[in-house]
Amino acid sequence: MDYIVVVVVVVVVVVVVVVVVVVVVVVVVTNTDSRWKQVCSALYQVGLEVLGRREKKNMDWIEANGQHLAVEAKRKAHLAYTNNPCQATEDAL
């Protein structure tokens, strides 16, 4: 009978220790996650204050390069006409 009581007490102590360890781990992880979010937020705010927001400098790519595209298409059409002078390639010009 004493053996069973000792085994039950040991099992209860082990369960209590496991529960305490789990609670400590949860608290540490939660605290670490909270602290990491604070650090990230602080870094972002300092970076924003020092560097400012990025201004959009990109124009619409097609508008910016439209003339270049037209010249390139014209060059290809002229090259096709030079290589094969016919009505179809002349019409492409």
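Residues numbered from 1 in each chain as written. Predicted model: local features only at pLDDT ≥ 70, side-chain atom pairs only at ≥ 80, totals over all residues. Heavy atoms only, no water.

Caption draft 1: Main features of the overall build of the protein chain. Scanning the protein chain from N- to C-terminus turns up three helices and zero strands. Reading the helices (α) and strands (β) of the protein chain from amino to carboxyl end gives α-α-α. Here the protein chain, with 93 residues, has 2% of them falling under the buried criterion. As displayed, the protein chain has an accessible area near 8,700 Å², and 68% of this comes from carbon and sulfur atoms. (Helix = DSSP H or I, 4+ residues; strand = E, 2+ residues; numbered from the N terminus. Buried < 20%, exposed > 50% of the residue type's maximum accessible area, 1.4 Å probe, protein only. Areas by Shrake-Rupley, 256 points an atom, 1.4 Å probe, with all protein chains shown as cover.)

Caption draft 2: Here's a closer look at helix 1 (residues 2–51). With 50 residues, helix 1 extends 73 Å from end C-alpha to end C-alpha; this agrees with the ideal 74 Å at 1.5 Å per step. Just downstream of helix 1 lies Gly-52, where phi reads positive at about 80°. (Expected span 1.5 Å × (residues − 1).)

Caption draft 3: Layout of the confidence of the model for the protein chain. With 84% of its residues at a pLDDT of 70 or more, the protein chain shows a mean pLDDT of 80. Averaged pLDDT values for the elements of the protein chain fall to 75 in helix 3 (residues 87–92) and rise to 84 in helix 1. (pLDDT = per-residue confidence, 0-100.)

Caption draft 4: A look at the environment of Ala-73. Within the fold, Ala-73 resides in helix 2 (residues 61–83). Sequence-wise, Ala-73 and Ala-92 are 19 residues apart; in three dimensions their C-alpha atoms are separated by 9.6 Å.

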